[in-house]
Amino acid sequence: MSLATQSITALRQQLTAGQITSRDIVESVAAAIDSTNDSIGAYLSRDLDRALAAADAADLSLPLGGIPIAMKDNINVQGEPCTCGSKFLQNAYLSPYDATASRKLKESGAILFGRTNMDEFAMGSSTENSALQVTRNPHDLDRIPGGSSGGSAAAVAAGAAVAALGSDTGGSVRQPASHCGVVGLKPSYGRVSRYGLVAFASSLDQIGPLTNSVEDAALLLEAIAGADPRDSTCLDQPVPNYRESLNKGVKGTRIGLPAEYFGEGLDPAVRERIESAAKALEAQGAELVELSLPFTKHAVATYYIIAPAEASSNLSRFDGVRYGNRVDKGTGIVDMYGTSRAAGFGAEVKRRIILGTYVLSSGYYDAYYTRAQKVRTLIQQEFQSAFQKVDAILAPISPAPARKIGEAKGDPLKDYLADIYTISANLAGVCAISVPAGTVPSDNGKHLPVGLQLIGPHLAEETILRIAKTWEDIR
Ligand code: GLN
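Residues numbered from 1 in each chain as written. Predicted model: local features only at pLDDT ≥ 70, side-chain atom pairs only at ≥ 80, totals over all residues. Heavy atoms only, no water.

Draft legend 1. Spotlight on the pattern of salt bridges. As enumerated under the stated definition, the model contains 22 salt bridges in all. Ionic pairing is found between glutamate 107 and arginine 103, a salt bridge with its closest N-O pair at 3.1 Å. Of this pair, glutamate 107 and arginine 103 both sit in helix H4 (residues 100-107), separated by four residues, roughly a single helical turn. By relative accessible area, glutamate 107 is classed as partly exposed at 48%. (Salt bridge = Lys/Arg side-chain N within 4 Å of Asp/Glu carboxyl O. Helix = DSSP H or I, 4+ residues; strand = E, 2+ residues; numbered from the N terminus. Buried < 20%, exposed > 50% of the residue type's maximum accessible area, 1.4 Å probe, protein only.)

Draft legend 2. Molecular detail of the site of the ligand. Around the ligand, 15 residues are found, and the nearest of them are Ser125, Gly170, Ser172, Tyr303 and Arg352. Serine 148 places a side-chain nitrogen or oxygen 3.4 Å from a nitrogen atom of the ligand. Alone, the ligand offers 290 Å² of accessible surface; in the complex the protein occludes 99% of this. (Near = heavy atom within 4 Å. Polar contact = N/O pair within 3.5 Å; in protein donor to acceptor, adjacent residues only side chain to side chain. Areas by Shrake-Rupley, 256 points an atom, 1.4 Å probe, with all protein chains shown as cover.)

Draft legend 3. Geometry of the environment of valine 182. With respect to the secondary-structure elements, valine 182 resides in the loop between helix H6 (174-180) and strand E5 (183-186). We classify valine 182 as buried; its relative accessible area is 3%. Each C-alpha atom, one on valine 182 and one on serine 203, is 26 Å from the other, the two residues being 21 residues apart in sequence. Those residues in contact with valine 182 that lie beyond four places of it in its chain are Ala153, Val156, Ala157, Ala177, Leu210, Thr211, Ser434 and Pro436. (Contact = heavy atoms within 4.5 Å.)

Draft legend 4. Seen up close, unusual backbone geometry. Here the bond from glycine 147 into serine 148 is cis, since omega is 10°, no more than 30 degrees from zero. Of note, alanine 122 is a non-glycine position whose phi angle comes to about 70°, a positive value. Given the relative accessible area of 4%, alanine 122 is considered buried. Phi angles above zero are rare outside glycine, and leucine 459 is one such case at about 65°. Topologically, leucine 459 is positioned in the loop between strand E11 (447-456) and helix H15 (461-474).

Draft legend 5. Structural context of the state of the cysteines. Counting across every chain of the model gives zero disulfides. Cysteine 84 takes part in no disulfide bond, and the closest cysteine sulfur, belonging to cysteine 82, lies 4.6 Å away. Take cysteine 84: its relative accessible area is 1%, and that puts it in the buried class. (Disulfide = S-S within 2.5 Å.)

Draft legend 6. Broad picture of the nonpolar core. Counting residues in hydrophobic clusters, the biggest one holds 141 residues, and the most contacted among them are Ile69, Leu105, Phe121 and Leu394. By residue number, the principal contributor to this core is helix H9 (residues 299-314), which donates nine residues. Setting aside residues no more than four positions away along its own chain, isoleucine 69 makes contact with Ile8, Leu105, Ala110, Ile111, Leu112, Phe113, Ala163, Ala164, Leu165 and Leu220. (Core = buried A, V, L, I, M, F, W, Y, C linked by side-chain atoms within 4.5 Å.)

Draft legend 7. Structural view of the pairing of E11. Counting buried positions over the ten residues of E11 gives nine, a clear majority of the element. Where strand E10 (residues 431-441) folds back on E11, the antiparallel hairpin that results is connected by five residues, among which glycine 445 adopts a positive phi of roughly 80°. (Pairing = 2+ DSSP bridges.)

Draft legend 8. View of the packing of helix H2 (residues 22-36) against helix H3 (residues 48-56). Contact pair H2 / H3: the axes reach a minimum separation of 8 Å and the direction vectors enclose 160°. What the angle tells us is that H2 and H3 run roughly antiparallel. Between H2 and H3 lies a crossing of right-handed hand. Of the residues in H3, those touching H2 at Ser22, Arg23, Val26, Glu27 and Ala30 are Leu48, Ala51, Leu52, Ala55 and Asp56. (Axes fitted to C-alpha atoms, helices over the stretch in contact; angles between N-to-C directions. Parallel < 35°, antiparallel > 145°, perpendicular 65-115°, else oblique. Left-handed = near helix turned anticlockwise from the far one by under 90°.)

By themselves, these figures tell us nothing about what the structure is for.
Put into structure tokens, the structure is as follows:
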């Protein structure tokens, strides 16, 4: 049994008691990667020698001392590849620096081991948009792990990572966590530095942990959160000890159930899991409050204007000169940019760049981009007024469990629409977590995980972690 199936806390106890070494954990993770990567394909690359050297030098007195953490392949780690799941960056880039989240993990004693697969440039919800590799759901190999942090979620679920980091622009930590049956936390915007995370949509992106337990998510958030002079959107707010309040229960906690998150399109079996979790929390003393968030119906359209708009600008740096593989077949520099980008980017990334460029073009800017920004403000305000009435919101993560691989081929809208429950938290900048809420039976006798979402006000990670922990203890 891989040591990676255990929580960080459990491993830390054994490490400090001298029962195991950090090298044991890294070797166990490496063996789990070797035995699962052909079937599940969670990892794009790993450097075992580096990890073993770091393990032997690990300072066990630090909070994450000796613990290996897998990294989504869009978070820079000095000396390692950072492909973003794209052919454009494959064998074309070794990171010259650490992202702030990577640096902070190292400073907490963690060993950054392994690069996980993802939808190209984090655009997608299935990891099928990776140009490099297929990743499968450990609960059913015919199904997607979710995405875009599908490699990170599948690695943790398969016992091939103790924990991992991912990035969440519109659900990319929470949705794969839900589909793979692990915990996934999207911090509030500004809680974690984005420095060194390859930018997709800068006003939405946040790095977050994927873990075996709520406590591990709290531990990792403590390690990576906090002010950073290298990211001016990162807030200079003290980082609480999130673990301290985890066991305080939910007595008197007001939890909102928004009607729009339980309406048409929600799989009845998923609904049943989420509603029974709500009832279980009520039995623990939480107060359930029915809510309405009417702007939810505009969230998908708003997100799919703002995110591609920002992406079209952020991805201009991939031109075969500053970054990426160069294809130089034309008659000059403009041709060279064009041929490089045509060869380097996959279909979904091109679709987003074209969409984003269109909504920012002079004739359409006001009709699309400005209007989407206005609706975004309304969504933010709607959350602010909901949080006058409740401490947190409880909802599903995804309308259905993980779909089959290939099922949305040629129909990107299908996956866009399934982002309905996750993207509002990004648009509003608030925090949200996915915590396993059991499984539902699928067609072939398998059981597919369902994630329970808890959304909290800006910087109220303590609240959603505490509710999530209460649920985890009673489920
Ligand atoms: N599924 C969404 C998209 O395709 C969200 C992706 C993300 O959070 N990175 O854009």
